[in-house]
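Structural features, examined
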Amino acid sequence: MNVTRLGFAHFRNLRDGEIRPCDTINVIYGSNAQGKTNLLEAVWLFTGGHSFRGAKDGELPVLENGRNAALASLTMTVFTEGREQELQLLFKNGRRESVINGVEKRTGSALVGKFCAVIFSPEHLLLVKEGPARRRAFIDGALCQMKPAFARVLTNYNKALAQRNALLKDILRHPELRDTLDIWDQRLILFGTEVILERIAFCRALAPKASEIYGGIAKEKERVSFSYAPFGGANTREEIAAKFFSALKSAQSTDIRTGFTSAGPHRDDLSIEINGLSARTYGSQGQQRSIVLALKLAEADILFQKTGERPVILLDDVMSELDMSRRDYLLNHLDGRQVFITCCDPETVRLMERGRGFFVENGHVKNTVLETDSVVQ
Ligand SMILES: Nc1ncnc2c1ncn2[C@@H]1O[C@H](COP(=O)(O)OP(=O)(O)O)[C@@H](O)[C@H]1O
Ligand SMILES: [Mg+2]
């Protein structure tokens, strides 16, 4: 899918206006605090998701005399499902409303599934830098986008886990309750096995794609590998359930003492290595950045396989800490994808062979004609 037009009014610091992106690379450039990320955020919000910067909906309309205005409006023309479609998103008194091809919807969530995007922002670097929770959230988030049924299984698992943990704490005071633990173990295994099976299937598709993309970014100078292997590598439903069962049994006394379930998919990790070394511990900033990029682009490819629509790629401040050849890859080798990329350095625009540049200054967005930019009308 491609965004062919984006309009904005009273949205953050962006002056009322519009852009007409091309279907390849769109570089949004300008100094700090001019509105580049705001523009990317405007595109992202059409996915129906929350702001990737954690902003509340009520904070998005323009500030007037220190207060947020009552209304902000975004409009988008997107080519998807073989035709141009008109989407509108309103932030009204802290709530969202949407209009899809002229039909008013009372919620913003009506947009979910209409528009698909993948976002990289600097805080996504924590995906590599931090503990396993971020990596699980990445896998689960991608699965939830692709399979609503997965979201239900995950919710059921988390509920069963919370109830088992509550029971563990009760058992300390009432040891006779120990017998009821089996019921929760069974539920945990039932839902947990499904969660693990879906994650395995996703990671199997993700790992080779992400490694290949990383190879392109790093010009094959180093090898990255991804592995998700719960319970030391169980694969079938029966094997996972059996290993999960014995892990719960052998940890039971510890679990009762700590009041916490120590085994299960809520503790899993996606291990990432560069040339056999932990990327989290030993990776450089540029390598970690490239890994997150590779994961995000691979996620976009898998979404494309599942839905038949290529998600729009949004890259916020990705260029810093990347050397010239890595920049060249992002600007010139992401064929067939529509990309929006923000950066400070106007020279970046000259590095691209094809695409469109947008200069942002104090909330004004200008489509700039560049020597290298052969497609600007
Ligand atoms: N609701 C709002 N109303 C007006 N200005 C806002 C609002 N939210 C953020 N801003 C302003 O937007 C600017 C930051 O824009 P941003 O897109 O993050 O900059 P950058 O170009 O560095 O990516 C800041 O000047 C900030 O004060
Ligand atoms: Mg920014």
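Quick caveat: nothing in here was measured; it's all calculated off a predicted structure.

What about the overall build of the protein?
When you go through the protein residue by residue, the secondary structure sums to eleven helices and 17 strands. The C-alpha radius of gyration of the protein comes to 23 Å, within 12% of the 21 Å expected for a compact globule of 377 residues. If you line up the protein on its principal axes, its C-alpha atoms span 75 × 50 × 40 Å. Within the protein, the fraction of its 377 residues that count as buried is 52%. Summarising the internal contacts of the protein: among those between residues at least 6 apart in sequence, 67% fall at separations of at least 24. Within the structure as shown, the protein displays about 17,400 Å² of accessible surface, and the carbon and sulfur contribution to it stands at 51%.

Quick notes on the sheet that holds strand β11 (residues 224-227)
The sheet built from three strands is open, its strands ordered β11-β12-β13 with antiparallel pairing. Strands at the two margins of the open sheet, each flanked by one partner only, are β11 and β13 (277-278). Against the sheet, helix α5 (residues 181-217) contacts β11 and β12 (271-274), and its axis sits at roughly 165° relative to β11. Helix-sheet contacts for helix α9 (residues 285-307) involve β11 and β12, and the interaxial angle to β12 is about 130°.

Some thoughts on the layout of surface pockets
Of the volumes computed, that of the largest pocket is approximately 1,100 Å³. Elements supplying a minimum of two residues to the lining of the largest pocket: β10 (117-120), α2 (126-129), α3 (132-146) and α9. Ranked by residues supplied to the lining of the largest pocket, first place goes to α3 with eight residues.

Looking at the pairing of strand β6 (residues 71-80)
With seven of ten residues buried, β6 is to be regarded as a mostly interior element. In terms of strand pairing, β6 meets strand β7 (residues 83-92) through ten bridges, oriented antiparallel. The residue bridging F79 from the neighbouring strand is E84, located in β7.

Structural notes on the UniProt feature "binding site: ATP" (unreviewed entry) in the protein
UniProt marks G30, S31, N32, A33, Q34, G35, K36 and T37 with the feature "binding site: ATP" (unreviewed entry), using the numbering shown here. Within the secondary structure, N32 is located in the loop between β3 (25-29) and α1 (36-45). With respect to the helices and strands, K36 occurs in helix α1. Contacts of K36, omitting those with residues within four sequence positions, involve I28, Y29, G30, S31, T342, C343, C344 and V360.

About the thresholds
- Residues numbered from 1 in each chain as written.
- Chains lettered and ligands numbered in written order.
- Predicted model: local features only at pLDDT ≥ 70, side-chain atom pairs only at ≥ 80, totals over all residues.
- Heavy atoms only, no water.
- Helix = DSSP H or I, 4+ residues; strand = E, 2+ residues; numbered from the N terminus.
- Rg over C-alpha atoms; globule rule 2.2 N^0.38 Å.
- Buried < 20%, exposed > 50% of the residue type's maximum accessible area, 1.4 Å probe, protein only.
- Contact = heavy atoms within 4.5 Å.
- Areas by Shrake-Rupley, 256 points an atom, 1.4 Å probe, with all protein chains shown as cover.
- Pairing = 2+ DSSP bridges.
- Axes fitted to C-alpha atoms, helices over the stretch in contact; angles between N-to-C directions.
- 1 Å grid on protein atoms, 1.4 Å probe; cavity = no way out; pocket = protein on both sides within 12 Å on 5 of 7 lines; lining within 4 Å.
- Points joined across faces, edges and corners; volume = space filled by probe spheres on them.
- UniProt positions renumbered as here; feature names shortened; annotations may be inferred.

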